[in-house]
Amino acid sequence: MTAAPRPERRSPDEAATEHPEITYIGCARCGTLIAGLDGRYACSGCGWVNEWTEGHRPLPEARRRPSAETA
């Protein structure tokens, strides 16, 4: 069995403009089919969560709101 090719990595700016993709996987602990966003999963049956770095693309950058001092 061959491993599926990894998706190409994009810059955070390019990734932020795309819509997230719903992906599916069997839970590593209990086998339940679970859905996630861009390869990040959490099983509601047993509580298993995959490492956030295993996602298919970088997480978006946090955006700061302007403070009252600068407004």
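See above for the structure.
Residues numbered from 1 in each chain as written. Predicted model: local features only at pLDDT ≥ 70, side-chain atom pairs only at ≥ 80, totals over all residues. Heavy atoms only, no water.

1. So, the side chain of Arg-40
Defined as follows: By definition, any uninterrupted DSSP run of H or I lasting at least four residues is a helix, any uninterrupted run of E lasting at least two residues is a strand, and each is numbered from the N terminus. Three labels apply to residues, based on accessible area from a 1.4 Å probe with only protein chains included: buried if under 20% of the type maximum, exposed if over 50%, partly exposed otherwise in between. Asp and Glu are treated as the negative residues and Lys and Arg as the positive ones, with His and the ends of the chain left uncounted. Basic side-chain nitrogens of Lys or Arg form a salt bridge, by our definition, when they fall within 4 Å of a carboxyl oxygen of Asp or Glu. For this analysis, a polar contact is any N or O atom pair within 3.5 Å, provided that within protein one partner can donate a hydrogen and the other can accept it, and provided that sequence-adjacent residues contribute only side-chain to side-chain pairs. The contact rule is simple, with two residues in contact once any of their heavy atoms fall within 4.5 Å.
Note on placement: Arg-40 falls in the segment after strand S2 (33–37). We note that Arg-40 is buried and unpaired, the nearest opposite charge coming from Asp-38 at a distance of 5.1 Å. At a separation of 3.0 Å, a polar atom in the side chain of Arg-40 contacts the main-chain carbonyl oxygen of Trp-52. Those residues in contact with Arg-40 that sit more than four places away from it in its chain are Asn-50, Trp-52, Gly-55, His-56, Arg-57, Pro-58 and Leu-59.

2. A short note on the nonpolar core
For clarity, the threshold we go by: In this description, a nonpolar core means a group of buried Ala, Val, Leu, Ile, Met, Phe, Trp, Tyr and Cys residues linked to one another through side-chain atoms lying within 4.5 Å.
Ranked by size, the top nonpolar core spans five residues in total: Cys-27, Ile-34, Tyr-41, Cys-43 and Trp-48. Trp-48 has contacts with Cys-27, Ala-28, Arg-29, Ile-34, Tyr-41, Ala-42 and Cys-43, leaving out every residue within four places of it along the chain.

3. A closer look at the side chain of Asn-50
For Asn-50, the location among the structural elements is in the segment after S2. A residue is classified by how much of its surface remains accessible, and Asn-50, at 8% relative accessible area, is buried. At 2.9 Å, the side chain of Asn-50 and the backbone oxygen of Gly-39 are in polar contact. There is a polar contact of 3.3 Å between the side chain of Asn-50 and the side chain of Glu-54. When near neighbours in sequence (up to four residues on either side) are disregarded, Asn-50 contacts Gly-39, Arg-40 and Tyr-41.

4. Considerations on the pairing of S2
Operational definition: Strand pairing is assigned whenever DSSP identifies at least 2 bridges connecting the two strands.
Side chains Ile-34 and Gly-36 of S2 all project onto a buried face; the interleaved residues Leu-33, Ala-35 and Leu-37 project onto a face where none is buried. Direction of pairing for strand S1 (residues 22–26) relative to S2: antiparallel, over a ladder of five bridges. The partner of Ile-22 across the bridge, within S2, is Leu-37. Hairpin geometry of S1 and S2 is characterised by an intervening segment of six residues between the two adjacent antiparallel strands and by a positive phi of about 85° at Gly-31.

5. Quick notes on the environment of Ala-35
Its location among the elements puts Ala-35 in strand S2. In this structure Ala-35 comes out as partly exposed when scored by relative accessible area, which is 43%. Excluding anything up to four places from it in sequence, Ala-35 contacts Ile-22, Thr-23, Tyr-24 and Tyr-41.

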